[in-house]
Amino acid sequence: MDLLNALVALLNFVVIPATAYGAQLALGALGVTLIYGILRFSNFAHGDTMALGTGFVILVTWWLQSLGVSLGPLPTAFLALPFGIAATAAVVLLTDRGVYRFYRRQKAAPVILVIVSMGVMFVMNGVTRFVIGVEEIRFADGARFLINANEFKKSTGLAEGLAFKASQAQTIAAAVLVVALLFWFLNKTRTGKSMRAYSDNEDLALLSGINPERVVAVTWIIASGLAVIAGTLYGLDKSFKAFNYFQLLLPVFASAIVGGLGSPLGAIAGGFLIAFSEVGLTYAWKKVATYVLPEALAPDGLAQLLSTDYKFAVSFALLIVVLLFKPTGLFKGKSV
Amino acid sequence: MSFLAAENMTGGYGAADILHDCTLTVDKGEIAVIVGPNGAGKSTAMKAVFGMLNLRKGQVTLDGQDITALTPQDRVAKGMGFVPQVNNVFPSMSVEENLEMGAFIRRDDFRATMEQVYDLFPILKDKRRQPAGELSGGQRQQVAVGRALMTQPKLLMLDEPTAGVSPIVMDELFDRIIEVARTGISILMVEQNARQALEIADKGYVLVQGANRYTDTGEALLANAEVRRTFLGG
């Protein structure tokens, strides 16, 4: 038995990647849940908003790099983030003005808005590919590792290496910061409180003199910000490919629904739950098991429950289980 | 002229009229109660006063000013407060945040008003950090009334404030409403508990099929044998 090596292997292959992935999902799900809470529909275009925003960030990053600007150990993309968010928010606000507002005025049923958002999704999908292409793009620069596997092995004398990528650390730190800011905004500022009030009881919010168009606009801006940050962090951690972001929509939605649509806290919990389930079920546990279990019990196979190709099935399965047994999600969101 | 005068209101939600020449007036610091059988248009009349209904005929004046064309939001700014019958709080927000949202249109310091609300409903001060949705029915009604008071209205309109609360809580709510009226705020309310409501009313309106049937002081309506027999169950 070798608990220390088991722990390091677990950290290296499960805990750290799942935490970083969970943080990315949580940021995406927060945007979905905010839009659901305020505008009362599931925004299918959110994944492509992430892609488009990341595309903008990459373009600005290239431009900054061509000027010789860099943030040292941090990726240049962080410097490009504000530009990306501004451009994406502008696109999204124009979309709202041109498309969603029309249906809002008609008091269209949520299901109609869902379909409308799918239309927006396809348009954004095309625009993104047109602007940035379909190729895989790596745009991470700056320091690569916080903890290097080989150096870790050398300095600790353990058989297992521990790698902690800079992008993973940045993702987790950025997520904590953004979530703290968001919660401060929603709970402490007048505008944030008016958003919660509007989400809680639209009619009473109107009676109280809260301007719905302003609430909607602020919601779109915040959701765009969250989408661009989530997309950029995901792109830095892995790589950018427009199609992957489209696929990311599924775990993002699963996170928001599992946590409880409309509940920001639920979106975060859902994000980590989905991430840990995906990584946990598709990880080959042989290594950890061999360290922990007595030799006689060590598994012969890989002890991998599911092939990584099936990782999206995990979010689907969790989604269905939650919808069957707790339709409002873990954190008492609105029922779908 | 009365502080609030809603005269000859005629209109409804669709093509058919629900209100027929309905007239409601309230003087300063007065409690006016609308009673009547189910479907008499009591709540509709209240909504018409607040501008949530298109009127084909008639006009509403507040403090001598014609407000017939104003939206409900604008009427709030003019000094009207409205407490809907249901869904009248922000359930996931704390009691204090509910009151803050009530004062949303105020840009000045509203802490003094909040203290007044807490003085009126001491239980709300104890529960100010608790989400309004977790409170009992009676406490929730107090939050709803408190929220409406945050704009310092001159006219407070209550749509069945005692619906679904116990008789003890109902008496207490009525006491509080009298207290509010004593501060000079006019009150217009719709009530199912007609007898108890008329007991505290300066003025009572009995509506039937969207039209005024009886209009008198609360006391006189309670003494009226016809009203007692037909509407108060003997």
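Predicted model only: the values in this text are computed from it and were never measured.

### A short note on the overall build of chain A
Counting its regular elements, chain A contains 13 helices and 2 strands. The dimensions of chain A, computed from C-alpha atoms along their principal axes, are 70 × 55 × 35 Å. Counting across all 336 residues of chain A, residues that qualify as buried make up 44%. For chain A, the proportion of contacts with a sequence separation of at least 24, taken over those separated by at least 6, is 75%.

### Points about the domain arrangement of chain B
All names here are of chain B. Parsing chain B into structural domains produces domain 1 (1-79 + 153-234) and domain 2 (87-151). Between domain 1 and domain 2, the residue contacts involve 12 residues of the former and 10 residues of the latter. At 5 residues, the largest contribution of residues to the side of domain 1 that touches domain 2 is made by helix H7 (residues 167-182).

### Side note on the interface of chain A and chain B
Counting from both sides, the interface comprises 13 residues of chain A and, opposite them, 16 residues of chain B. For the side of chain A that touches chain B, the elements supplying multiple residues, two or more each, are helix H7 (190-200) and helix H8 (202-207) of chain A. Here the side of chain A that touches chain B gets 5 residues from one element, more than from any other, and that element is H7(A). Among the residues making up the side of chain A that touches chain B, the classes are represented as 5 nonpolar, 4 polar and 4 charged.

### Regarding the pairing of strand S6 (residues 80-83) of chain B
All names here are of chain B. Residues of S6 alternate between two faces, with Met 80 and Phe 82 on one and Gly 81 and Val 83 on the opposite face, all of them buried. Of the strand pairs in this sheet, S6 and strand S7 (residues 155-159) are connected by 4 bridges, and their pairing is parallel. By the bridge assignment, Phe 82 is partnered in S7 with Met 157.

### Concerning the UniProt feature "transmembrane region" (unreviewed entry) in chain A
In the numbering used here, UniProt assigns the feature "transmembrane region" (unreviewed entry) to residues 6-39, 51-71, 77-96, 108-132, 168-186, 215-236, 248-276 and 312-331 of chain A. Between the C-alpha atoms that bound residues 108-132 of chain A the distance is 34 Å, and the span itself is 92% helix and 0% strand.

The rules we used
Residues numbered from 1 in each chain as written. Chains lettered and ligands numbered in written order. Predicted model: local features only at pLDDT ≥ 70, side-chain atom pairs only at ≥ 80, totals over all residues. Helix = DSSP H or I, 4+ residues; strand = E, 2+ residues; numbered from the N terminus. Buried ≥ 20, exposed ≤ 12 C-beta atoms within 10 Å, placed from the backbone. Contact = placed C-beta atoms within 7 Å. Domains from an automatic or database assignment. Nonpolar A, V, L, I, M, F, W, Y, C, P; charged D, E, K, R; others polar. Pairing = 2+ DSSP bridges. UniProt positions renumbered as here; feature names shortened; annotations may be inferred.

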